[in-house]
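# Observations on chain architecture
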Amino acid sequence: MAWRHLENREHASNDDRRRAMMALIEAGTPVGIVAHAEGKTVGWCSVAPRETYRKLSQEQDDSEAGVWSIVCFYVPRASRGRGLASALLDAAIDHAFAKGARIIEAYPVDRASPSYRFMGVREMFVARGFHEVGMAGSRRHVMRLER
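Residues numbered from 1 in each chain as written. Predicted model: local features only at pLDDT ≥ 70, side-chain atom pairs only at ≥ 80, totals over all residues. Heavy atoms only, no water.

### Observations regarding the packing of aromatic side chains
A full pass over the atoms with the stated rule returns three aromatic pairs. Residues Tyr116 and Phe118 carry aromatic rings whose centres are separated by 6.0 Å and whose planes lie at 50° to one another, so their mutual orientation is tilted. Judged by relative accessible area, which is 33%, Tyr116 ranks as partly exposed. Since its relative accessible area comes to 34%, Phe118 is described here as partly exposed. Residues Phe125 and Phe130 carry aromatic rings whose centres are separated by 5.0 Å and whose planes lie at 85° to one another, so their mutual orientation is edge-to-face. Of the residues examined, Phe125 reaches a relative accessible area of 0% and is grouped as buried. Counting every residue linked through ring pairs, the aromatic cluster contains Phe73, Phe125 and Phe130. The ring of Tyr116 has Arg140 lying over it, and the distance from NZ or CZ to the ring centre is 5.4 Å. (Phe/Tyr/Trp six-rings, centres within 6.5 Å; stacked < 30°, edge-to-face > 60°. Buried < 20%, exposed > 50% of the residue type's maximum accessible area, 1.4 Å probe, protein only. Lys NZ or Arg CZ within 6 Å of the ring centre and 35° of its normal.)

Written out as C-alpha cells, the structure reads:
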C-alpha cells in the first residue's frame, strides 16, 4: 500500500493496510501479480494502472491514458539472487500489455542506492527495453516501455 491512496497513511496499522488492499481487490481494482513455486507464493509485483496509485513523480502527466506503473517487488530474502524479480518483471510486462496498457512506467533505482530498492534496479528495466524519461526525486529513475 506504500504508493496507493490510503487515508491516515502515517498512522495506518498493518491490519488497516491489509483491509485497504482487500477492498481494492474486492472492487476489481488491479493491484499486481504473485509468483508461485512448489505450491507456495514466493514473490509479488505491484503493477496496475497508474491512476490507481497516488502521484509517483512531479512530472507525471495525469491526462495520459493507458499508462500502467510497476512500483514494488517483494522477494523473500531466502529466494533472492535466483532471478525471481526478473521473472516477475517479465510477467508484469506481459500482464500490463495484455490488460490494455499502452505504456508501462517504472521507478527503479541504481544498484548502489541506499533506498527504494523494492522498486527494482535500473539495469533490470534497461535489459527489457525501458528508456529513461526523467527522475522522481534524487534516486528513482522514471523509465518507460511502449508497444
